[in-house]
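Here is how the chains run, residue by residue.
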Amino acid sequence: QVQLEESGGALVQTGGSLRLSCVASGRAWSVYAMGWFRQAPGKEREFVTAIRWTGDTAVYSETVEGRFTLSRDSSKTRLYLEMNNLKPEDTAVYYCAASRVGPVTSLVRYEYWGQGTQVTVSS
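It should be emphasised that the depicted structure is a prediction, and the values quoted were computed from it without experimental measurement.

The helix and strand inventory of the protein stands at 0 helices and 11 strands. Each helix and strand of the protein, ordered N terminal to C terminal, gives the series β-β-β-β-β-β-β-β-β-β-β. Rg of the C-alpha trace for the protein: 13 Å, near the compact-globule value of 14 Å for 123 residues, within the 12% margin. Considered along the principal axes of its C-alpha atoms, the protein spans approximately 40 × 30 × 25 Å. Counting all 123 residues of the protein, 46% fall into the buried class. Contacts in the protein between residues far apart in sequence, at least 24 positions, make up 56% of those at least 6 positions apart. For the protein, the distance from the average position of its 13 positive side-chain charges to the average position of its 12 negative side-chain charges is 5 Å.

Spelled out as structure tokens, the structure:
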């Protein structure tokens, strides 16, 4: 299995920035893609951004394009989500996830999940 652990969630003001981290352990070599999803209270979990294990370019949802940036270390076992110009609608629990099959934007294809980290954007 693959173990994922997120960190970095916090309370920030509108327009502020935040950096989330995700550490993967276990059978990370079997992963097809890794990415971030978020879920606001009463709403369905949604795709934020992800990248193929062997890829170089991340895919972003339209709502975060230009504001969020996904990056990772050279080992590909540590992911980061740089969040800029945060808005109240970005408030949600953010989850790091890993899949063994594609497509990278399909939530149902991800079988490994972190516990989530809360991001709250106040105005």
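Right, let's get into the nonpolar core. Core analysis: the biggest nonpolar cluster contains 31 residues, and Leu4, Leu20, Met34, Trp36, Phe68, Met83 and Tyr94 have the highest contact counts within it. Ignoring sequence-local partners within four residues, the contact set of tyrosine 94 consists of Glu6, Leu20, Trp36, Phe37, Arg38, Val48, Phe68, Leu81, Met83, Gly116, Thr117 and Val119. With 7 residues, the next largest nonpolar core counts Ala33, Ala50, Val104 and Tyr110 among its residues.

On to the pairing of strand β1 (residues 2-7), then. Burial along β1 is one-sided: the residues Val2, Leu4 and Glu6 are buried and none of Gln3, Glu5 and Ser7 is. As defined by bridge partners, β1 adjoins strand β3 (residues 18-26) across 6 bridges and the pair is classed as antiparallel. Within β3, the residue paired with glutamate 5 across the bridge is valine 23.

Rules and cut-offs
Residues numbered from 1 in each chain as written. Predicted model: local features only at pLDDT ≥ 70, side-chain atom pairs only at ≥ 80, totals over all residues. Heavy atoms only, no water. Helix = DSSP H or I, 4+ residues; strand = E, 2+ residues; numbered from the N terminus. Rg over C-alpha atoms; globule rule 2.2 N^0.38 Å. Buried < 20%, exposed > 50% of the residue type's maximum accessible area, 1.4 Å probe, protein only. Contact = heavy atoms within 4.5 Å. Lys, Arg positive; Asp, Glu negative; His and termini not counted. Charge placed at Lys NZ, Arg CZ, Asp CG, Glu CD. Core = buried A, V, L, I, M, F, W, Y, C linked by side-chain atoms within 4.5 Å. Pairing = 2+ DSSP bridges.

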